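Listed below are the residues making up each chain.
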Amino acid sequence: MKKMYVIKAIDEIPLSDIVTFYRKHGSSAQSNIKNKLFTNGHSTAVGAVAEDPDTHQLVGAYLAKPQRLLCSPNLKAYQSMDTLVAECARGNSVTEKMGEHLYDRLRKSNATHI
């Protein structure tokens, strides 16, 4: 039986929780996650996370960033930049659910290219 995880936007949790999740489950190449989450000290990333409802620990992260399009810089566009799912949550459609949550939210915010 597949476990159901709680999907949230990254702005609903402290960004330090995402950094901790990447340190625990990511590779050493992903240790610079702060650089992906922050630009000039401000968070620019959007995304979704998956949380285990029993332990309240993060088990997944799906991150994107605003991206200007050279053909039309005024369009609201986003580029996927990183996805990580803890081994214990793999096989439960976590990536798909986080992606759906993120892209539904972006569509509602009038993002034109995602």
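All figures in this text were calculated on a predicted structure; none of them were measured in a lab.

## Points about the confidence of the model for the protein
1) Next: In this model, the protein carries an average pLDDT of 84, and 83% of its residues clear a pLDDT of 70 or more.
2) Next: Model confidence for the protein, summarised as mean pLDDT per element, is weakest for strand β2 (residues 38–39) at 64 and strongest for strand β1 (residues 6–9) at 97.

## Some thoughts on the side chain of D52
1) Next: Structurally, D52 is set in the loop between β4 (46–51) and β5 (58–66).
2) Next: Judged by relative accessible area, D52 falls into the buried class, the value being 8%.
3) Next: At 3.3 Å, the side chain of D52 and the backbone nitrogen of T55 are in polar contact.
4) Next: With sequence-adjacent residues up to four places away left out, D52 is seen in contact with K3, Y5, Q57 and V59.

## Focus: the pairing of β4
1) Next: Judged by how many residues are buried, β4 sits mostly within the fold: five of six residues are covered.
2) Next: Strand direction decides the pairing type here: β1 and β4, joined by four bridges, are antiparallel. Each residue of the ladder has a partner; that of A9, found in β4, is A48.
3) Next: Examined bridge by bridge, β4 and β5 share six bridges and lie antiparallel to one another. Paired with A48 across the bridge in β5 is Y62.
4) Next: Between β4 and β5, which pair antiparallel in sequence order, lie six residues; one of them, H56, sits at a positive phi of approximately 60°.

## A short note on the packing of aromatic side chains
1) Next: Inspection of every chain in the model, using the stated rule, returns two aromatic pairs.
2) Next: Look at F21 and Y22: their rings are 5.8 Å apart centre to centre, the planes differ by 85°, and that puts the pair in the edge-to-face class. Residue F21 shares its accessibility class with Y22, and that shared class is buried.

## Here we look at the environment of A89
1) Next: With respect to the secondary-structure elements, A89 resides in the loop between β6 (78–85) and α3 (94–108).
2) Next: Its relative accessible area of 1% is what places A89 among the buried residues.
3) Next: Here the alpha-carbon distance between A89 and D52, two residues 37 residues apart in the chain, equals 8.7 Å.
4) Next: For A89, the contacting residues outside a window of four places in its chain are Y5, V59 and V94.

Cut-offs and rules
Residues numbered from 1 in each chain as written. Predicted model: local features only at pLDDT ≥ 70, side-chain atom pairs only at ≥ 80, totals over all residues. Heavy atoms only, no water. pLDDT = per-residue confidence, 0-100. Helix = DSSP H or I, 4+ residues; strand = E, 2+ residues; numbered from the N terminus. Buried < 20%, exposed > 50% of the residue type's maximum accessible area, 1.4 Å probe, protein only. Polar contact = N/O pair within 3.5 Å; in protein donor to acceptor, adjacent residues only side chain to side chain. Contact = heavy atoms within 4.5 Å. Pairing = 2+ DSSP bridges. Phe/Tyr/Trp six-rings, centres within 6.5 Å; stacked < 30°, edge-to-face > 60°.

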